[in-house]
Amino acid sequence: MSNYKAITVQENNKIVLVTINRPHALNALNNDVFEDLIRLFNDDLDPRKINGVIITGAGEKAFVAGADIKEFLSLDAQKARELSKRGHDIFAVIENFPVVVVAAVNGFALGGGCELAMACHLRVAHANARFGQPEVNLGILPGYGGTQRLVHLIGKGRAMEMIMTGDMIDGTTAHTFGLVNILCEAGAEVATATKLIEKIAKKAPLAIAETIKAVNAHFRHGKDGYQTEIDSFGKLAATEDFREGATAFIEKRKPGWKGL
Ligand code: CAA
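Residues numbered from 1 in each chain as written. Predicted model: local features only at pLDDT ≥ 70, side-chain atom pairs only at ≥ 80, totals over all residues. Heavy atoms only, no water.

**Some words on the overall build of the protein chain**
Point 1. A tally of regular secondary structure across the protein chain gives 10 helices and 10 strands.
Point 2. For 260 residues, the compact-globule formula gives about 18 Å, and the C-alpha radius of gyration of the protein chain, at 19 Å, lands near that figure.
Point 3. Along the three orthogonal principal directions, the C-alpha set of the protein chain runs to about 60 × 40 × 35 Å.
Point 4. Each of the 260 residues in the protein chain was classed as buried or not, and the buried ones make up 43%.
Point 5. Sequence-distant contacts in the protein chain: of pairs separated by 6 or more residues, those separated by 24 or more amount to 69%.
Point 6. For the protein chain, the exposed area adds up to about 13,800 Å²; of that, 56% sits on carbon and sulfur atoms.
Point 7. If the 30 positive side-chain charges of the protein chain are averaged to one point and the 30 negative ones to another, these points end up 4 Å apart. (Helix = DSSP H or I, 4+ residues; strand = E, 2+ residues; numbered from the N terminus. Rg over C-alpha atoms; globule rule 2.2 N^0.38 Å. Buried < 20%, exposed > 50% of the residue type's maximum accessible area, 1.4 Å probe, protein only. Contact = heavy atoms within 4.5 Å. Areas by Shrake-Rupley, 256 points an atom, 1.4 Å probe, with all protein chains shown as cover. Lys, Arg positive; Asp, Glu negative; His and termini not counted. Charge placed at Lys NZ, Arg CZ, Asp CG, Glu CD.)

And the structure:
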């Protein structure tokens, strides 16, 4: 894999652990982090060769405390639109990545950090993690998809409240709201995410990829999610893995997936 400036990337048993590595700034998303994530997801990761990706933050305090506020002062309206669009684009690549991506939220997930966690397919966190969209405190609103994905995940009323008050919620509340899939002990986020990926890796990989596509279609303007599901169902029924899955069930044995 490439040399990265602000993330570290380790692969173990086909699971890629991506750590946002700016602990001195609570892993705030600056230009370097964006460049690294774009290169990693667009060029370096081969979804056919891995079972999943975990994104976490360096240190014990934060997952990601937001966009890097120190880079904000030079923004004008045009540059801010471009920055927002860039965040939208990279987070969409993560959201549509055909292999499961799990956020291991190990502390503050604020602003762009909460938005990054929401762009992942699943989230694990400990009870004292902190989620929030505090942009109104800075005179802006969430710019990397937060006004949309938070509504999708926790509903309009709760999203309006979180975004308009800027209040943080803890991991337990986030779990109750449906923002966190699995609560774990502090320090066990990556291990818990690994177990979740290992469980999903036992399923047919093409079925997982089509599931990501069909579920995401529900939220994409101009996409008919029902039609996407019908097309995915037809596509999967023509795969070798579908024959294998159905035959294995009838023969009362475990299926051996080929990804074909
Ligand atoms: N950008 C840049 N630097 C940040 C940062 C951020 N988002 N968050 C924290 N840091 C830096 C601090 O400036 C500080 O650096 P120095 O030691 O050089 O002063 C260091 O990280 C440690 O932070 P604190 O001393 O503030 O730590 P704390 O424990 O007192 O507070 C915190 C923790 C509550 C998370 C606080 O740091 C905070 O409120 N951070 C900002 C959170 C925020 O507003 N995020 C939204 C950003 S805007 C955004 O993300 C827009 C978007 O949607 C695209």
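Back to the write-up after that little detour.
**As for the site of the ligand**
Point 1. The local shell around the ligand holds 23 residues, among which Lys-61, Ala-67, Gly-112, Glu-115 and Glu-135 are the closest.
Point 2. Interatomic distance of 3.4 Å between a backbone N/O atom of His-24 and an oxygen atom of the ligand.
Point 3. Notes on the ligand: free accessible area 980 Å², of which the protein chains cover 65%.
Point 4. Contributions of two or more residues to the shell around the ligand are made by strand E6 (108-110) and helix H3 (112-119). (Near = heavy atom within 4 Å. Polar contact = N/O pair within 3.5 Å; in protein donor to acceptor, adjacent residues only side chain to side chain.)

**Some thoughts on the pattern of salt bridges**
Point 1. Scanning the entire structure with this criterion turns up 14 salt bridges.
Point 2. As a salt-bridge pair, Asp-89 and Lys-85 come within 2.9 Å of each other at their nearest N and O atoms. Of this pair, Asp-89 and Lys-85 are both found in helix H2 (residues 77-95), four residues apart, which corresponds to roughly one turn of the helix.
Point 3. Linking Arg-253 and Glu-251 is a salt bridge whose minimum nitrogen-to-oxygen distance equals 2.8 Å.
Point 4. Several salt bridges share partner residues, and in doing so they unite Lys-5, Asp-32 and Glu-35 into one network. (Salt bridge = Lys/Arg side-chain N within 4 Å of Asp/Glu carboxyl O.)

**Some details on the domain arrangement of the protein chain**
Point 1. What the domain assignment lists for the protein chain is domain 1 (7-200) and domain 2 (205-250).
Point 2. Taken over both partners, the interface formed by domain 1 and domain 2 buries close to 640 Å², and the fraction arising from carbon and sulfur atoms is 59%.
Point 3. The interface formed by domain 1 and domain 2 holds one salt bridge in total.
Point 4. Two residues, Arg-220 and Glu-95, come together in a salt bridge whose shortest N-O distance is 3.5 Å.
Point 5. Across the contact surface, domain 1 and domain 2 share three residue pairs in polar contact (both at pLDDT 80 or more).
Point 6. Its residues assigned to classes, the side of domain 1 that touches domain 2 shows six nonpolar, three polar and two charged. (Domains from an automatic or database assignment. Buried area = accessible area lost by both parts, 1.4 Å probe. Nonpolar A, V, L, I, M, F, W, Y, C, P; charged D, E, K, R; others polar.)

**Quick word on the sheet that holds strand E9 (residues 169-170)**
Point 1. The strand order across the open sheet built from four strands is E4-E6-E8-E9, with neighbouring strands paired in mixed fashion. Looking at strand neighbours, the two that pair on one side only are strand E4 (62-64) and E9, the edges of this open sheet.
Point 2. As paired strands, E4 and E6 are joined by two bridges and run parallel to one another. Opposite Val-64, over in E6, you have Ala-109 as the bridge partner. (Pairing = 2+ DSSP bridges.)

**Thoughts on helix H4 (residues 146-154)**
In an α-helix, one full turn covers 3.6 residues, which means residues spaced three or four apart are oriented alike.
Point 1. Residues of H4 that are buried: Gly-146, Arg-149, Leu-150 and Ile-154. The arc that holds the buried residues of H4, viewed along the axis, is 105°, so those residues lie on one side.
Point 2. Where H4 is buried, its residues touch H2, H3, helix H5 (156-165) and helix H6 (171-177).
Point 3. One or two positions beyond H4, positive phi appears at Gly-155, with a value near 95°. (Arc of directions from axis to C-beta.)

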